Amino acid sequence: MKLSLRWLKEYVDIPTDDPLEIEGVFASLGHEVEGFEVLEVPFSKVTVGRVVEIEKHPNADRLRFCRVDLGDGDLHEIVCGAWNFETGDIVAVSVPGAVLAGGLEVGVRTIRGVTSHGMICSAAELGLGDDHSGIMVLDPDTPLGADFAGFVPFPDVVYDVSITPNRPDAMSVIGLAREFAAYYRTEVRMPESKPVTIDRPSPVEVTIEDTKGCPRYVGWQVDGVKIAPSPIWMQQRLRASEVRPINNVVDITNYVLLELGQPLHGFDLDEVADHKIVVRRARTGETLKTLDGVDRELDVLDLMICDGRGIVAFAGIMGGEESEVTDSTSRVLIEAANFHPPSVMFSSKRHGLRTEASARFERGVDPNLPALAAGRAAHLMVELAGGEALADVRDCYPSVIEPWTVDLDVGEVERILGVPFDRDAVVDLLSRFRMEVEGDSPLRVTVPTNRPDLTRPADLIEEIARLHGYDKFPETLPSGPAGGLSTSQVRDRRVREIMVGLGMHEAQTMTFLGRSELDALALPDDDPRRAAIRVRNPLREEEAYLRTTLLPNLLKAVQYNVSHGLSHVSLFEVGKVFLSAPDPDDPRVPDQPIHLAFIAVGDTGARGLHSTPRATDVYTSTGIVQALFDRLGLQVRIRQAAPAGFHPGRAAEVLLAEEVIGTIGELHPAVGRAFGIEGRVAAGELMLAPLLADDDWWQLEAPSTYPRVEFDLAFVLEERTAASAVVQAIQAAAGDWLESVTVFDEFRGESIGEGRKSLALRLVFRAPDHTLTNEEVAPHRETIISAVAEVTGGQLRGV
Amino acid sequence: MEAFDQLLAQAPARIDLAGDLDALATLEAELVGKKSLIAETRRGLGRLPAEERPVVGARVHEVLRSLQELLDHRRSVLERVAEDRLLEQDRVDVSLGGYEPSIGMHHILTQTVDEVVDIFTGLGYRVASGPEVELAWYNFDALNTPPTHPSRLESDTLYVEYGDPSDEMLLRTHTSPMQARYMEQNDPPVYVVVPGRTFRADALDPTHSPVFYQIEGLAVDENITFGDLKGTLAHFAREFFGSERKIRLMPHFFPFTEPSAEMHMSCYACDGSGCRVCSGSGWIELIGCGMVDPNVLDAVGYDSSKLSGFAFGMGAERMAMVRHGINHIKHFYENDIRVLRQFT
C-alpha cells in the first residue's frame, strides 16, 4: 500500500526524517518498500490574501478584476477568470515571481488591456488537486499575509510498502504506526473515534442470516451531512494512497479504511428500503449492478447486503449503485462489518472484483475493529461534513471473538533462533507488539485479535526474531553432514559432458507443446506420444500439452538458429517428458522419465579455412550414439528400423542389453519441412535412465605388448544385409585373439551383380601373451569365412 | 708426414668454403674418402718398417679424426641452414583460422544449477529431484498452504488433467514439494538440495516465464538454527558471487517457513554503494528462505519438538541474470547458439 509519511507520523513519533532510514526500518520489520517519492511543496511565493473588491473586467465578460489584501498594506490588482468567490473570501495568491505547480512562473501580465499583478490560484495550479473549475477558497481563519506553504500537507514522503499476506493488520496507517512504535519503543496515538452524539432513535434494523459469512455488523447512522469536497489534507492523503477523492462522506469511509484497516461502506440511508439491512447469501438468478456499473449474476455462495427490497451491496467487496452516497444524500448509514475471508475471496475471484476492501477482508480483519472504525468515521462526518451522529448504534456481534493465548517455552526460542533469549528479553519483545505475557515456564502469551497470524509458538518466535532484528543473528554453519552426488548423478553430468565434447550445444526448451507440433511429427494415431497430458488452464493453446518427446521443441530451437543464419546447428537436451502411464515409483503421478534428445543439421566437423566440412546425415546420429555409449563404457547395438517420424531407410533403434531404449536416424523429410528445416536432419531420442545405471567398477585390461597380425576380407552380400550382421558373425567366430574388426569399404558394381554389395573388412588379431604367427591365425580366417557365409550368406569376394 | 701437415693446415679454410652439402660431400671424399691421401697412407701402413708403423699409424689416426671433426661440424651447420631454408618456405599465415574442433557448450542454466549444487555438496548436502507434475497436496497442503491461499488460483498455478479428479494434479509451482517427499522417504538428518523445473501461469516477460528453474535447499536436524540458515546462505553468496559478499535477511512471509526471510546480498558490482545493477539500493534480493514451519515437519511425521530445520529456494535464472547481466528471461529458453556460446 502507498501511504504518506506525514500521516504515519500523526500516530507515532519517528525520530528521523531521513526517508532512507525510514525505508530501512520498514524493511527490517518485514514490510518491503517498493519505492518512495519525496513530495516537495509544489509552489513558491504564494501568499494568503483576502478579496477586498471585485469589479467587472472592462473588456471581457468572462473575467473579473479584483483587489486583494495580502496583509502588506497594499491592494494588489489581479484579473481572475473564476466566479466561485466573493468579496471577503480568503484565497491563495501568487504574486509576480511566484512559481506554480508544473513550473509556471507568475509575472505581471496585461490581460485584455488591464494589468494583473499575479493570480488567485486554483487547487490544480497549486498542485493540490485536479480541480480547475474555480479558485480555492480557504478557511476564513487562515492568517492574512502568511506564506501559504505553511498550510499545505507538504513536504511529504509517499512510501509504497508491500505488505505480506499474513499481515492484514499492517494494511493500515495505524497498523504500520504500531510496528514503528514497537521498533522505537514508543506508543501509538489513536485518532479520535468517539463522536459527539445525539440521542435520537435510529430506525435501522440489522439482521445477519449467515453469521459464518458475517460474524459482525455495525451500522452507525449519521444525519444531516452536507456533501462537499473533503479538506485538502484528507484529499492529499487519499491521493497519496492512490484513492480518488470523491466527496467528504465517501472520502471519510476510504480514509478510515486506510487509517485503521477496517473497510467501511456508506449508504444513503434514504435509499435503504425500510431501513433494513440483511446479510445473506445470494439466491439463484439474483443480479447486482455494482458501483463500477457492471451488472453481475450472483452465485449462491456470494454474500450480499440487502435492504427491504433486495440486494444493495456485495458484502466486503463493493457497494451497489442504488444506495450509493450522492450529492443529495443527507442521512448516511456507516457499515463497519466483519466478513469471513474465504467467502470474500471466493466472490472477489469469481467476479474479478478486487477492491481495497476485498484485499483486506480476504486476509482477515480484526472482528473487534468495526465499532471503533464506525465511530471514527462518524466523528469525522460530524467534524467535516456537519453531520449528527446518533448514539443509537446497531452492533450485531453474536459471538464475540476474544484474544487467545499461546504457550511459549522460553528455551524453544533459543532452539530455533540459535541465540539465548531470557524471559525478560522475550517479554520485552512480545509486549512491544501489544501482547500480554504471564507466567514463567511456559510463558502464557495473550495475542490481540488483530493478529490472526499468531497462534503457535513458532509464530511468536518469528515476532521475537523480527523485532530483535534479523541482522543481529550470527552466521553459523550446521556441523558435519556427509553428502555429495550419487553415482547416477555423476553419470548424468558425464552424459552431458560427452555430448558437449561431441560438438553439441545443450538446449533447454519449454515443457509445453501444442497439438499441432505432435501432428507435425507424423506419429500414428495410437502412438503413446500422442496421448499427451493436457494443461487445464493453459496460457495459450500452443502450450496446452506437456511434452511427450523432446524433439518438437528442439526442432523449433534448431529452426530458430538456422533462421538466424547459422549453417550448422547441433543441439541436445536432457529433460523430462510426461507420459500418461503412472510413475512406477509413485503411481499417483504420471510417469515423468528423463530423455536425452539431439538434433543436428547442416555441415558438421571442424571449422576453419582449411577444414573439410561433412554433411549431416544418418551417420551423424549413429556416430554420436556410438561415441556416447563408448565413452560411457556401454555396449550399444544399433538396429535398422523404421520408427515413426523418421526416414524409413535411414533410422534405427538403439538397444542396450537387448532393450530398445530409443530411436535415432534421419528425420523424415516431411517432418523437417513441417518445422521449417530443409535438408537432412540427424536426430535421436533416448531414455536417460539406462545410461546412468550404477554398474560394477571397470577392471583394467592391460594392453598387449605383442605385435599384431592383420588381414582383410571382402564379402559379397545381399543389399539388405546389415554390415553389423557381418561384424557380429565375425566377432562370434573369430575367437579371443580378435582385437578389432572394421568395415573400410563398401562397393557396388556390375562385377558383383545387381542387388548386391561388397563390404571390405580389416581384422586385427593380437594375443596377450605371445607373438602370433600367420600359421596360428590362418585357421581362424577359414572359420570366419564360413561363419559369415552361414549367418549372412556372404561369399568371400575374388575367390 | 709433411703432406699431412699441409693438408691439416689447409683443411679448415677449404671445409668452410664448402657452400652446400653437395660441395661438402665432394670435399669429404677428397679428404678422407677411399682415394684420399689418408686412405692411401693407411693402406700402405703394412708396407712400412715395423718401427715406423706405430708412429705413422698414430699420425694418420690423429689427422683423420681432426678432419672428420671439421667436416662433421661443417655438415651440421650446412644441414641447419638447409632446414632453415625449407622451414622458411614452409611459412604460413597463422592468423588464418585453425582447424577448430567443434565443441559444444553446457547450457547456462545447467552450468548455474551444477555450480550451485556443487557449493552445497561441498557442505555435505545430497541432491534429489522430484516429479514436475505433482499432487496439489505436496505442492500446497503439505507445505502449510491453506485451501484458500491465492497461489492456488488458476491465475497463478497451472493444473493438469490427469488421473482421479479428486487428487488435484498440477505443475509444481516451486521445488518445495520435494521437502515433504524427501522427508517422507528419508529419516533425519536431512541435508538436501533439489534443483528442477517449476511452473507458473505467467506469460513470458523480462522477468517471468511459465517454465523456470528453482533450487531448493532443506536442512533438518537437531539444533538447526536461524543462525545456521544465515551462515549457509552467506557461504553460498560468497562462493557464487565472490568472497566480498555480505548478506542480510529481511523478514518476509511464506506459508511453509516461520520465521521467514528474504536474503539480500550486497551488490557485486558496487559493493553496496548503489549502482544500476542493484537499482541504487546496494543490495540485491536473491533468495526466499526461513525456518521450516513445524506443521511441515509434523505433516511428514518428523518430531518438530526435537528437530528443526531451514529451507530456501532460489531461482536459477535469477542467479544467472544477476551474475551475467542477462536482462530477459527469454534468453534461457530461445536456445540461440549465439547466446549459449557466450557462457563457458
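Everything below is about the structure printed above this text.
Residues numbered from 1 in each chain as written. Chains lettered and ligands numbered in written order. Predicted model: local features only at pLDDT ≥ 70, side-chain atom pairs only at ≥ 80, totals over all residues. Heavy atoms only, no water.

In this section: the overall build of chain A. For chain A, the helix and strand inventory stands at 19 helices and 43 strands. Against the compact-globule benchmark of 28 Å for 799 residues, chain A has a radius of gyration of 42 Å, which places it well outside the compact range. Expressed along its principal axes, the backbone C-alpha trace of chain A runs to roughly 130 × 80 × 60 Å. Of all 799 residues assigned to chain A, the portion counted as buried reaches 52%. (Helix = DSSP H or I, 4+ residues; strand = E, 2+ residues; numbered from the N terminus. Rg over C-alpha atoms; globule rule 2.2 N^0.38 Å. Buried < 20%, exposed > 50% of the residue type's maximum accessible area, 1.4 Å probe, protein only.)

Axes are the key here: two packed helices are described by the angle between their axes and the distance separating the axes. Residue and element names in this part refer to chain A. Between helix 6 (residues 341–350) and helix 7 (residues 356–363), the shortest axis-to-axis distance is 7 Å and the interhelical angle comes to 140°. The angle between helix 6 and helix 7 places the two elements in the oblique class. Our pair here, helix 6 against helix 7, has a crossing hand that is left-handed. Contact with helix 6, carried on its side by Pro341, Val344, Met345, Ser348 and Lys349, involves Ser358, Phe361 and Glu362 of helix 7 and no other residues of that element. Considered class by class, the residues forming the contact of helix 6 with helix 7 number 4 nonpolar, 2 polar and 2 charged. (Axes fitted to C-alpha atoms, helices over the stretch in contact; angles between N-to-C directions. Parallel < 35°, antiparallel > 145°, perpendicular 65-115°, else oblique. Left-handed = near helix turned anticlockwise from the far one by under 90°. Contact = heavy atoms within 4.5 Å. Nonpolar A, V, L, I, M, F, W, Y, C, P; charged D, E, K, R; others polar.)

Here we take up a negative patch on the surface. Residues and elements named next belong to chain A. A grouping of Glu271, Asp295, Glu321 and Glu322 is seen on the molecular surface, where their side chains present a negatively charged patch. If you trace the backbone, glutamate 322 turns up in the loop between strand 21 (318–319) and strand 22 (332–338). Overall, the relative accessible area of 58% leaves glutamate 322 in the exposed class. (Patch = residues over 30% accessible without salt bridge, like charges linked within 9 Å, V, L, I, M, F, W, Y side chains within 5 Å. Areas by Shrake-Rupley, 256 points an atom, 1.4 Å probe, with all protein chains shown as cover. Salt bridge = Lys/Arg side-chain N within 4 Å of Asp/Glu carboxyl O. Lys, Arg positive; Asp, Glu negative; His and termini not counted. Charge placed at Lys NZ, Arg CZ, Asp CG, Glu CD.)

Glancing now at the interface of chain B and chain A. Between chain B and chain A, the contact holds 99 residues from the first and 89 residues from the second. Of the roughly 7,800 Å² buried between chain B and chain A, counting both surfaces, carbon and sulfur atoms make up 56%. Linking glutamate 475 of chain A and arginine 238 of chain B is a salt bridge whose minimum nitrogen-to-oxygen distance equals 3.1 Å. Our count for the contact surface shared by chain B and chain A stands at 48 residue pairs in polar contact (both at pLDDT 80 or more). Taken together, the residues of the side of chain B that touches chain A break down into 48 nonpolar, 26 polar and 25 charged. The sheet contact formed by strand 30 (residues 534–535) of chain A and strand 3 (residues 159–161) of chain B spans 2 bridges and is antiparallel. By the bridge assignment for strand 3 of chain B, arginine 534 of chain A is matched with glutamate 161 of chain B. (Buried area = accessible area lost by both parts, 1.4 Å probe. Polar contact = N/O pair within 3.5 Å; in protein donor to acceptor, adjacent residues only side chain to side chain. Pairing = 2+ DSSP bridges.)

Look at the link from phenylalanine 154 of chain A to proline 155 of chain A: it is a cis peptide, with omega at -5°. Relative to the helices and strands, proline 155 of chain A is located in the loop between strand 10 (137–138) and strand 11 (156–162). Put simply, glutamate 258 of chain B and proline 259 of chain B share a cis peptide bond, and its omega is 0°. Its location among the elements puts proline 259 of chain B in strand 8 (residues 257–266). A positive phi angle, close to 60°, is found at alanine 522 of chain A, a residue other than glycine. Secondary-structure assignment places alanine 522 of chain A in the loop between helix 13 (515–520) and strand 30. Residue class for alanine 522 of chain A comes out partly exposed when judged on its relative accessible area of 47%. We note that asparagine 223 of chain B has phi near 65°; this positive angle belongs to a residue other than glycine. Relative to the helices and strands, asparagine 223 of chain B resides in the loop between strand 6 (211–222) and helix 8 (226–241). For asparagine 223 of chain B, a relative accessible area of 55% puts it in the exposed group.

This part covers the packing of aromatic side chains. Each aromatic ring pair is described using two quantities: the centre-to-centre distance and the angle formed by the ring planes. All names here are of chain B. Taken as a whole, this structure holds 25 aromatic pairs over all chains when the rule is applied. On the numbers, 5.5 Å between centres and 15° between planes, the contact of phenylalanine 236 with phenylalanine 240 is stacked. Separated by 4 residues within a single helix, phenylalanine 236 and phenylalanine 240 lie in helix 8, roughly one turn from each other. For the pair formed by phenylalanine 236 and phenylalanine 240, the shared burial category is buried. Seen in terms of ring centroids, phenylalanine 310 and phenylalanine 312 are 6.4 Å apart; in terms of plane orientation they differ by 25°. Their pairing is stacked. Per residue, the accessibility class of phenylalanine 310 equals that of phenylalanine 312, and both read buried. Three or more aromatic residues joined by ring pairs make a cluster, and in this case those are Phe120, Tyr125, Tyr191, Phe236, Phe240, Phe241, Tyr268, Phe310 and Phe312. (Phe/Tyr/Trp six-rings, centres within 6.5 Å; stacked < 30°, edge-to-face > 60°.)

Here we come to the sheet that holds strand 33 (residues 594–601) of chain A. Residues and elements named next belong to chain A. Read across the open sheet, the 7 strands follow the order 28-32-33-39-38-37-36; overall the sheet is mixed. Each end of this open sheet is capped by a strand with a single partner; those strands are strand 28 (505–506) and strand 36 (636–640). Sheet analysis places strand 32 (residues 569–576) next to strand 33, joined by 8 bridges and oriented antiparallel. Of the residues in strand 33, the one forming a bridge with leucine 571 is isoleucine 599.

Here the focus is helix 7 of chain A. Residue and element names in this part refer to chain A. Buried residues dominate helix 7, accounting for 6 of its 8 residues. Residues Ala357, Ser358, Ala359, Arg360, Phe361 and Glu362 constitute the buried set of helix 7. Residues of helix 7 that are buried sit in contact with helix 5 (248–260), strand 22 and helix 6. Note on helix 7: the residue one or two positions beyond its end, glycine 364, has a positive phi of about 110°.

Attention now moves to a nonpolar patch on the surface. Among the surface-exposed residues, Val300, Leu301 and Phe346 of chain A lie close enough to one another that they form a single nonpolar patch of about 240 Å² accessible area. As for its placement among the helices and strands, valine 300 of chain A is situated in the loop between strand 18 (295–297) and strand 19 (303–306).

What follows covers the sheet that holds strand 26 (residues 436–438) of chain A. All names here are of chain A. If you trace the 3 strands from one edge of the open sheet to the other, you get 25-27-26, paired in antiparallel fashion. Here the strands that pair on one side only, and so sit at the sheet edges, are strand 25 (404–408) and strand 26. Put simply, the sheet's adjacent strands are angled 25° from each other on average, direction ignored. Of the pairings in the sheet, the one linking strand 26 to strand 27 (residues 443–447) comprises 3 bridges and is antiparallel in character. Bridging from a neighbouring strand, glutamate 438 pairs with arginine 444 of strand 27.

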